[in-house]
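Here is how the chains run, residue by residue.
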Amino acid sequence: MSDPAVDASRPGAVSTSPAGLALDRLADYLAAHRPELAVGPLRAHLIAGGKSNLTYLLRLGDREVVLRRPPLGHVLATAHDMAREFRVISALAPTEVPVPGALLLCADPEVIGAPFYLMERMPGEVFRTRAQTDPLGDERRRALAMAMMDTLAALHSVEPSTVGLADFGRPEGYLARQVRRWAGQLDRSRSRALPGIDELRDLLAATAPEGANAGRIVHGDYRLDNLLASADPVAVHAVLDWEMATLGDPLADLGLLLTYWDVLGGSDTAAGNPVADGLGPRAGFPTGGELIDRYAGRSDVDVGPLHWHVALGCFKLAVICEGIHYRHTLGQTLGEGFDRIGEMVAPLVTHGLTAARER
């Protein structure tokens, strides 16, 4: 469950804050650093649905903004970087990629208990469940999926040096480094036996391609429910959740998207899962192949064979799910749906091994 909204009027006493957000200290910080935002009573509530970083809607008098902070407790190194998110949405603001306006970055964990940033609240809806996507009908579901791919193509067409992101990552050896990084994250999240996952890691490490497309801005977790979109008319208003963005191979974004879309969103074994219940062919959307065709028609990226990148997507998402499962077992998650996240790991590993063995 999400926390109820609470008041934090300034000056004066503060009522109980939502978990993970110290409203009294936040109000003091805003008064000192951005007084134009410290107007009227401060109210906040947790926005339910996210399974990684925590997102809150803040009401600052008559204005609404959004606050992002890392999850509670067990936080994987480099996986919840608020400064990274803030930098990339600031850089992309003048491009065709829709992003929220960046308002404030606070790197001091003493203010609310973790680094955080504020961004503008954008219009639109996060489509993540069948209850939301079933009423759209085939035509609007298809248009929404194609708008998602057009937005990804727009992102990958941005030249990093033109938006101040030339040093945002190290493109050389990106794919091999991704395998090592997520292997390290896995080791820090192990709490149970995970059959096959070490074999998948080793296969990926032994067969990592060179990455001919390296050097593009990569979102790192691109999918429909990381967008704010509308269905009438169909439009993408903002791309969210940039915590894993870097410079690298855009095929990594495509491989992970296909993992969400065809593996979790198209598999009978993963039906009704809490990660991709409203996505993919099972939910009446176009196939992953149709998405790639749309992307290829609007991008100069050579999509080539994607099986290795799908295998990497399966491995990466399995590690993410295992990390969330681990936090859930420690009682460090907020919201609903976390009790089933651990069930996603085994089918992801199985599909990843199949994809990694393709030739």
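Every chain is numbered on its own, with residues counted from 1 as its sequence reads. Given that the model is predicted, a residue must reach a pLDDT of at least 70 before its local features are reported, and side-chain atom pairs must reach 80 or more before they are shown or counted; all residues, however, enter totals for whole chains, interfaces and linings. Just so you know, side-chain values use all the structure's heavy atoms and leave hydrogens and water out.

An unreviewed UniProt entry lists the protein under the name Aminoglycoside phosphotransferase (APT) family kinase protein, with Micromonospora violae given as the organism.

S.K.: Sorry, what's going on with the overall build of the protein here?
M.R.: Strands here mean DSSP runs of E at least two residues long; helices mean DSSP runs of H or I at least four residues long; both are numbered from the N terminus. Within the protein, the regular secondary structure consists of 10 helices and 10 strands. Across the 359 residues of the protein, 53% fall into the buried class. Pairs at least 24 residues apart make up 71% of the contacts formed inside the protein by residues separated by at least 6 positions. Element-wise, carbon and sulfur atoms account for 51% of the exposed surface of the protein, whose accessible area totals about 14400 Å². To sort residues, take the accessible area from a 1.4 Å probe on protein chains only and compare it with the maximum for the residue type: under 20% means buried, over 50% means exposed, and anything in between is partly exposed. In this description, contact between two residues means that some pair of their heavy atoms is separated by no more than 4.5 Å. In short, Shrake-Rupley with a 1.4 Å probe defines the accessible areas, and a residue's cover is counted only from the protein chains shown.

S.K.: What am I meant to see in the pattern of salt bridges here?
M.R.: One side chain can pair with another of opposite charge once the charged atoms of both are near each other. One speaks of a salt bridge when a side-chain nitrogen belonging to Lys or Arg is within 4 Å of a carboxyl oxygen belonging to Asp or Glu. Overall, the coordinates contain 22 salt bridges when judged by the stated rule. Close ionic contact of Arg141 with Asp138 constitutes a salt bridge, the shortest N to O distance being 2.5 Å. Taken together, the residues Arg141 and Asp138, both in helix α4 (residues 137–156) and 3 residues apart, mark about one turn of the helix. Note on Arg141: relative accessible area 8%, which makes it buried.

S.K.: For this particular structure, what's the right way to read the environment of Pro347?
M.R.: Looking at the secondary structure, you find Pro347 in helix α10 (residues 345–356). Relative accessible area serves as the criterion here: at 22%, Pro347 is assigned to the partly exposed category.

S.K.: Whenever I open this one, the packing of α4 against helix α8 (residues 288–296) confuses me. Can you help?
M.R.: Packed helices, taken two at a time, are described by the angle their axes make and the gap between the axes. Simply put, an axis is a line fit to the C-alpha atoms, just over the touching stretch for a helix, and the angle between two N-to-C directions goes from 0 to 180 degrees. Interhelical geometry of α4 versus α8 gives an angle of 45 degrees and a closest axis separation of 9 Å. Taken together, the axis directions place α4 and α8 in an arrangement best described as oblique. Between α4 and α8 lies a crossing of right-handed hand. Each of Arg142, Ala145, Met146, Met148, Met149, Asp150, Leu152, Ala153 and His156 in α4 lies in contact with α8, whose residues at this interface are Glu290, Leu291, Arg294 and Tyr295. A class-by-class count of the residues in the contact of α4 with α8 yields 8 nonpolar, 1 polar and 4 charged. These descriptions rest on fixed angle ranges, namely under 35 degrees for roughly parallel, over 145 for roughly antiparallel, 65 to 115 for roughly perpendicular, and the rest for oblique. In a left-handed crossing the near helix is turned counterclockwise from the far helix by less than a right angle, and in a right-handed crossing that turn is clockwise. When residues are sorted by character, Ala, Val, Leu, Ile, Met, Phe, Trp, Tyr, Cys and Pro go into the nonpolar class, Asp, Glu, Lys and Arg into the charged class, and all the rest, Gly among them, into the polar class.

S.K.: Before we go on, may I ask you to explain α10 in this structure?
M.R.: In an α-helix there are 3.6 residues to a turn, and that puts residues three or four apart on one side. The end-to-end C-alpha distance of α10, which contains 12 residues, comes to 16 Å, matching closely the 16 Å that a straight helix rising 1.5 Å per residue would cover. Those residues of α10 hidden inside the fold are in contact with α6 (197–207), α7 (251–264) and α9 (307–329). The span you would expect from a helix comes to 1.5 Å times its residue count less one.

S.K.: Please clarify how the packing of α7 against α8 should be interpreted in this entry.
M.R.: Contact geometry for α7 and α8: axes closest at 10 Å, N-to-C directions at 150 degrees. The angle between α7 and α8 places the two elements in the roughly antiparallel class. Classified by chirality, the crossing of α8 by α7 is right-handed. Mapping the contact onto sequence places Leu254, Leu258, Trp261 and Asp262 in α7 and Gly288, Gly289, Leu291, Ile292 and Tyr295 in α8. Taken together, the residues of the contact of α7 with α8 break down into 6 nonpolar, 2 polar and 1 charged.

S.K.: Help me understand the side chain of Asp225 in this model?
M.R.: Within the secondary structure, Asp225 is located in the loop between β7 (216–218) and β8 (227–231). Distance and chemistry together define a polar contact, namely a pair of N or O atoms within 3.5 Å, with one atom able to donate a hydrogen and the other to accept it when in protein, and with adjacent residues in sequence counting only for side-chain atoms on both sides. In this structure the side chain of Asp225 is engaged in a polar contact, spanning 2.6 Å, whose partner is the side chain of Arg223.

S.K.: Can you help me understand the environment of Lys316 in this one?
M.R.: Assignment of secondary structure puts Lys316 in helix α9. Placed 135 residues apart in sequence, Lys316 and Arg181 show a C-alpha to C-alpha distance of 9.4 Å. Here Lys316 is in contact with Gln178, Trp182, Gly220, Asp221, Met244 and Leu256, once residues within four sequence places are set aside.

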